[in-house]
Amino acid sequence: QQKVQQSPESLSVPEGGMASLNCTSSDRNFQYFWWYRQHSGEGPKALMSIFSDGDKKEGRFTAHLNKASLHVSLHIRDSQPSDSALYFCAAKGGSALGRLHFGAGTQLIVIP
Amino acid sequence: EAAVTQSPRNKVTVTGGNVTLSCRQTNSHNYMYWYRQDTGHGLRLIHYSYGAGNLQIGDVPDGYKATRTTQEDFFLLLELASPSQTSLYFCASSDGGGSYEQYFGPGTRLTVL
């Protein structure tokens, strides 16, 4: 069973709209999170990390972490067609040093 | 920016065949990783290493061997390939520091007939 759960599996939003992606960990040892983005035909690339409770904003992207509920979200405002990609949530923690645990991903489609 | 290269980019083999996937990173990173990506499962960790000669088992290691010959080079070996190993394989590297940010290669698409 995957320790990092993502929802929804896929999401369509109009250009200029807000996209909201969710991620929950089932392991209380996972306290630090990453969002990765993968465009079609490419390898995943780190988008942003969040290690503290609250919001972290980078341009049009805002991540929110609630450690008590082990829930992290990613909000993309003013979505652009170039944001269409597969988004992974990844968690760091536990006893295995050096590794991340990835979720199954959310496919985002931004409709022009 | 960190550079990770993989070869070959595409590979077709038959059931029972031997396959070696290669990965090289030029970032002086300590950690290297092999993942497979399948629809509905995301990225699943096969093996990883924190230095030459070191090997750690991931979440889906059955049917795979790996070897880290140098800090730069990490190989994934499928000695008796099966159709269930048809997948997209990614290599990644990380400095293993506090952030654990991983840098991924472009991927190898493997088809086992």
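Residues numbered from 1 in each chain as written. Chains lettered and ligands numbered in written order. Predicted model: local features only at pLDDT ≥ 70, side-chain atom pairs only at ≥ 80, totals over all residues. Heavy atoms only, no water.

**Focus: the overall build of chain B**
Quick note on the threshold: For helices the rule is a DSSP run of H or I covering at least 4 residues; for strands it is a run of E covering at least 2, with both sets numbered from the N terminus onward. Relative accessible area decides the class of each residue, using a 1.4 Å probe on protein chains only: under 20% of the type maximum gives buried, over 50% gives exposed, and in between gives partly exposed. Note on contacts: a residue pair qualifies if any of its non-hydrogen atoms lie within 4.5 Å across the two residues. All accessibility values rest on the Shrake-Rupley procedure with a 1.4 Å probe; residue burial counts only the protein chains present in the view. Here Asp and Glu are counted as negative and Lys and Arg as positive; His is not counted, and neither are the chain ends. By convention, charge coordinates are those of NZ in Lys, CZ in Arg, CG in Asp, or CD in Glu.
Helix and strand content of chain B: zero helices and eleven strands. Element order for chain B, N to C, with α for helix and β for strand: β-β-β-β-β-β-β-β-β-β-β. Taken along its principal axes, the extent of the C-alpha atoms in chain B is 40 × 30 × 25 Å. In chain B, which comprises 113 residues, the proportion classed as buried is 49%. Sequence-distant contacts, at least 24 apart, represent 54% of the contacts inside chain B between residues at least 6 apart. Accessible surface, chain B: about 5,100 Å² in total, of which carbon and sulfur atoms supply 49%. Once the 8 positive and 9 negative side-chain charges of chain B are each reduced to a mean point, those two points are 9 Å apart.

**Overview of the interface of chain B and chain A**
For clarity, the threshold we go by: Accessible area that two parts lose when put together, evaluated with a 1.4 Å probe and summed over both, is termed the buried area. Any Lys or Arg side-chain nitrogen found within 4 Å of a carboxyl oxygen on Asp or Glu counts as a salt bridge. Polar contact criterion, stated in full: a pair of N or O atoms within 3.5 Å, where within protein one must be able to donate a hydrogen and the other to accept it, and residues adjacent in sequence count only if both atoms are side-chain atoms.
In this complex, chain B contributes 22 residues to the contact, which on the side of chain A involves 22 residues. Among the residues chain B hides against chain A, the three largest losses belong to Leu43(B), Tyr100(B) and Phe104(B). Together they make up 30% of the total. Connecting chain B to chain A are one salt bridge. A salt bridge links Asp59(B) to Arg99(A); its shortest N-O distance comes to 2.7 Å. Where chain B packs against chain A, one counts five residue pairs in polar contact (both at pLDDT 80 or more). Going through the elements one at a time, strand S4 (31-38) and strand S5 (42-49) of chain B are the ones with two or more residues in the side of chain B that touches chain A.

**Quick word on the sheet that holds strand S8 (residues 71-76) of chain A**
Backbone-to-backbone hydrogen bonds join strands into a sheet, with any given pair of strands oriented parallel or antiparallel. Residues and elements named next belong to chain A. Under the convention used in this document: Note on pairing: DSSP must find at least two bridges between two strands before they are called paired. To define axes, lines are fitted to C-alpha atoms, for helices over the stretch in contact only, and angles between the resulting N-to-C directions are given on a 0 to 180 degree scale.
Taking strand neighbours across the sheet as the criterion, the five strands line up as S1-S3-S8-S7-S6 in an open arrangement whose pairing is antiparallel. If you trace the sheet from one side to the other, it starts and ends with strand S1 (4-7) and strand S6 (54-58), each paired once. Here the strands of the sheet are splayed against their neighbours by 15 degrees on average, with no regard to which way each runs.

**Quick notes on the pairing of strand S7 (residues 61-66) of chain A**
All names here are of chain A. Looking at chain direction, S6 and S7 are connected through five bridges and run antiparallel. Note on S7: the bridge partner recorded for glutamate 58 is phenylalanine 61. Between S6 and S7, which pair antiparallel in sequence order, lie two residues; one of them, glycine 59, sits at a positive phi of approximately 65 degrees. Note: S7 against S8, six bridges, orientation antiparallel. Bridge pairing in S8 places asparagine 66 opposite histidine 71. As consecutive antiparallel partners, S7 and S8 are separated by four residues, and within that stretch leucine 70 has a phi angle of approximately 55 degrees, a positive value.

Everything listed here is a matter of coordinates, which is why it stays silent on function.
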